[in-house]
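These are the residues of each chain, in order.
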Amino acid sequence: MAERALFLVLEGTEGVGKSTQFERLAAWFDALGLDWDSGREPGGTAVGEAIRHVLLELRELDVPPETELCLMVGARAAFVRDRVRPALEAGQLFLADRFDLSTFAYQGFGRGLALERVERVNEVATGGLQPDLTLILDLPAEEGTARQRADGKDPDRIERAGSEFLRRVREGYRELASGSESRVLVDASGTPEEVERRIREVLVERFPETFGAPGG
């Protein structure tokens, strides 16, 4: 591992409970007394939040996949420069609500853009920075959509791409997880408490010096 603070990312398709688990991780980090910071993608900076509005909130806007890709990585460039790198260099653990794997899953597998093209433009945004661990909350797309309906959530522009799109995104995440030890699928079924326990178990096993030894 690089000699810097941990960079952790929480990922997943729509309705998997990512926001809930992000809040639970935040509370756990505070309870452990960790020095940490966090941010969301796209967003986290003034330019990132403006891009987020275009990408997600302008529901009737027709955005070509290539434009969507460029906007996503444009927001990421500012996020890495202004939020992630400064925190890591200051010795703070950084927790991101989405990072580059979202782009490969949504714009690559979901929109059908070549992964090689996605990788090239993403490299410009990240400068080679990679998370120490990406936790991918995994749930069938239909179950995630059903959760959102039950919660009364109005789908954003990307979520409105439809069930087949979301199934491709989910399968993309699963394929991406199989290609790296720094990416872990976490079963997102069950209660929030059960999912939180699974996440904690992964973090404790991978980074006992930060989160405590198993059984400790």
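Heads up: the structure comes first, above all this text.
Computed from a prediction, not measured in an experiment: that's the story for all the values here. (Residues numbered from 1 in each chain as written. Predicted model: local features only at pLDDT ≥ 70, side-chain atom pairs only at ≥ 80, totals over all residues. Heavy atoms only, no water.)

S.K.: What should I look at first to understand the overall build of the protein in this one?
M.R.: Of regular secondary structure, the protein possesses nine helices and five strands. Going from N to C terminus, the protein has its helices and strands arranged as β-α-β-α-α-β-α-α-β-α-α-β-α-α. For 216 residues, the compact-globule estimate of 2.2 N^0.38 gives 17 Å, and the C-alpha radius of gyration of the protein, at 17 Å, lies within 12% of that figure. With the principal axes as the frame, the protein shows a C-alpha extent of 50 × 35 × 30 Å. Counting only contacts in the protein whose residues sit at least 6 apart along the sequence, the fraction spanning at least 24 positions is 80%. Taken as a whole, the protein presents about 10,200 Å² of accessible surface, with 50% of it coming from carbon and sulfur. Positive and negative side-chain charges in the protein, numbering 28 and 40 respectively, have mean positions lying 3 Å apart. (Helix = DSSP H or I, 4+ residues; strand = E, 2+ residues; numbered from the N terminus. Rg over C-alpha atoms; globule rule 2.2 N^0.38 Å. Contact = heavy atoms within 4.5 Å. Areas by Shrake-Rupley, 256 points an atom, 1.4 Å probe, with all protein chains shown as cover. Lys, Arg positive; Asp, Glu negative; His and termini not counted. Charge placed at Lys NZ, Arg CZ, Asp CG, Glu CD.)

S.K.: Would you mind showing me how to read the pairing of strand β3 (residues 93-97) here?
M.R.: Across the five residues that make up β3, a large majority, five, are buried. Burial along β3 is two-sided: the face carrying Leu-93, Leu-95 and Asp-97 and the face carrying Phe-94 and Ala-96 are both buried. Here strand β1 (residues 7-12) pairs with β3 via four bridges, running parallel. Its bridge partner being in β3, Leu-10 is matched across the sheet by Asp-97. Where strand β2 (residues 36-40) and β3 come together, five bridges link them in parallel fashion. Residue pairing across strands places Trp-36 opposite Leu-93, the latter belonging to β3. (Buried < 20%, exposed > 50% of the residue type's maximum accessible area, 1.4 Å probe, protein only. Pairing = 2+ DSSP bridges.)

S.K.: Got a minute to help me understand helix α7 (residues 163-177) in this structure?
M.R.: Note on helix geometry: an α-helix contains 3.6 residues per turn, so any two residues three or four positions apart are oriented the same way. Given a rise of 1.5 Å per residue, 15 residues ought to cover 21 Å, and the 21 Å separating the end C-alpha atoms of α7 matches this to within 8%. For α7, the elements touching its buried residues are β1, α4 (100-110), β4 (133-138), α6 (141-150) and β5 (183-187). (Expected span 1.5 Å × (residues − 1).)

S.K.: For this particular structure, what's the right way to read the packing of helix α1 (residues 18-32) against helix α8 (residues 192-206)?
M.R.: The geometry of a pair of packed helices is captured by two quantities: the angle between their axes and the separation between those axes. In contact at an axis separation of 10 Å, α1 and α8 are set at 55 degrees when each is read in the N-to-C sense. Taken together, the axis directions place α1 and α8 in an arrangement best described as oblique. In this structure, α1 crosses over α8, and the sense of that crossing is right-handed. Contacts between α1 and α8 involve Thr-20, Gln-21, Arg-24, Leu-25 and Trp-28 from the former and Pro-192, Glu-193, Val-195, Glu-196, Ile-199, Arg-200, Leu-203 and Val-204 from the latter. The class makeup of the residues in the contact of α1 with α8 is seven nonpolar, two polar and four charged. (Axes fitted to C-alpha atoms, helices over the stretch in contact; angles between N-to-C directions. Parallel < 35°, antiparallel > 145°, perpendicular 65-115°, else oblique. Left-handed = near helix turned anticlockwise from the far one by under 90°. Nonpolar A, V, L, I, M, F, W, Y, C, P; charged D, E, K, R; others polar.)

S.K.: Looking at this structure, how should I read the sheet that holds β5?
M.R.: The five strands lie next to each other as β2-β3-β1-β4-β5, forming an open sheet whose pairing is parallel. Looking at the sheet topology across the chains shown, the edges are occupied by β2 and β5. The sheet shows a mean angle of 20 degrees between the axes of neighbouring strands, taken without regard to direction. As paired strands, β1 and β4 are joined by five bridges and run parallel to one another. For Leu-10, the partnering residue across the bridge sits in β4 and is Leu-135.

S.K.: When you look at the packing of helix α3 (residues 65-89) against helix α5 (residues 115-126) in this model, what are you seeing that I'm missing?
M.R.: Remark: α3 packs on α5, axes separated minimally by 8 Å, with the N-to-C direction vectors making an angle of 30 degrees. What the angle tells us is that α3 and α5 run roughly parallel. For the element pair α3 and α5, the recorded crossing hand is right-handed. Judged by residue contacts, Glu-66, Leu-69, Val-73, Arg-76, Ala-77, Val-80 and Arg-85 of α3 engage Arg-117, Val-118, Val-121, Asn-122, Ala-125 and Thr-126 from α5. Of the residues in the contact of α3 with α5, the class split is seven nonpolar, two polar and four charged.

Any link to function would need more than the numbers given here.
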